[in-house]
Amino acid sequence: MRRTWALAALVVAAASLTACTQVQAIAPVGGTHLEEVRYAGIDVLQSAKIEILTAPVCTRATDGGVSCTGETLTKETITVSSPASAKTTLIVKVGDTTLYDGDLQPVLDKAAGK
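A brief structural summary. Everything numeric in this text was worked out from a predicted model, so none of it was measured.

### Observations concerning unusual backbone geometry
Most peptide bonds adopt trans geometry, and most residues besides glycine take a negative phi value. Non-glycine residue Lys49 carries a positive phi angle of around 60°. As for its placement among the helices and strands, Lys49 is situated in the loop between helix H2 (33-47) and strand S1 (52-60).

So, in structure tokens, the structure goes:
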């Protein structure tokens with residue numbers, strides 16, 4: 001009987017940890033420009049089937065531009081940016097290859113199923 005309860009407790013604990021991880025990975029419906037750029041960049045990378053080792057980490061410049069860097073499994077640099085001069089623009093590169101250079105909103109809309 002003790003084994004059954006111990007096993008049940010272990011299963012519940014494991015399930016709750018998995019649920020927490022999945023909930024944390026869900027992007028919010030709205031967010032700051034920095035968050036939108038990051039989420040859109042990750043969407044572009046996933047659509048291109050890029051295997052990500054380090055997800056892009058983003059910073060906002062004092063002029064409002066956003067730049068993010070990460071790394072692929074093959075150790076190529078991922079860069080995601082939205083320049084201050086064109087905040088509706090998203091640029092996603094892996095190494096020297098540009099995966100996306102265009103409007104930010106359609107990427108967010110596609111990910112949202114719109």
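### Focus: the sheet that holds strand S3 (residues 77-82)
Taken in spatial order, the 5 strands of this open sheet run S1-S2-S3-S4-S5, and their pairing is antiparallel. Single-partner strands in this sheet number two, and they are S1 and strand S5 (97-103). For this sheet, the mean inter-axis angle between neighbouring strands, taken without regard to orientation, is 10°. One ladder, built from 6 bridges, connects strand S4 (residues 89-94) with S5; its direction is antiparallel. Following the sheet pairing, Leu90 is matched in S5 by Gly102. The strands that H2 touches are S1, strand S2 (66-72), S3, S4 and S5; relative to S1, the one it contacts most, it runs at about 155°. Packed on one face of the sheet, helix H3 (residues 104-111) meets S4 and S5 and runs near 95° to S5.

The rules behind each value
- Residues numbered from 1 in each chain as written.
- Predicted model: local features only at pLDDT ≥ 70, side-chain atom pairs only at ≥ 80, totals over all residues.
- Heavy atoms only, no water.
- Helix = DSSP H or I, 4+ residues; strand = E, 2+ residues; numbered from the N terminus.
- Pairing = 2+ DSSP bridges.
- Axes fitted to C-alpha atoms, helices over the stretch in contact; angles between N-to-C directions.
- Contact = heavy atoms within 4.5 Å.

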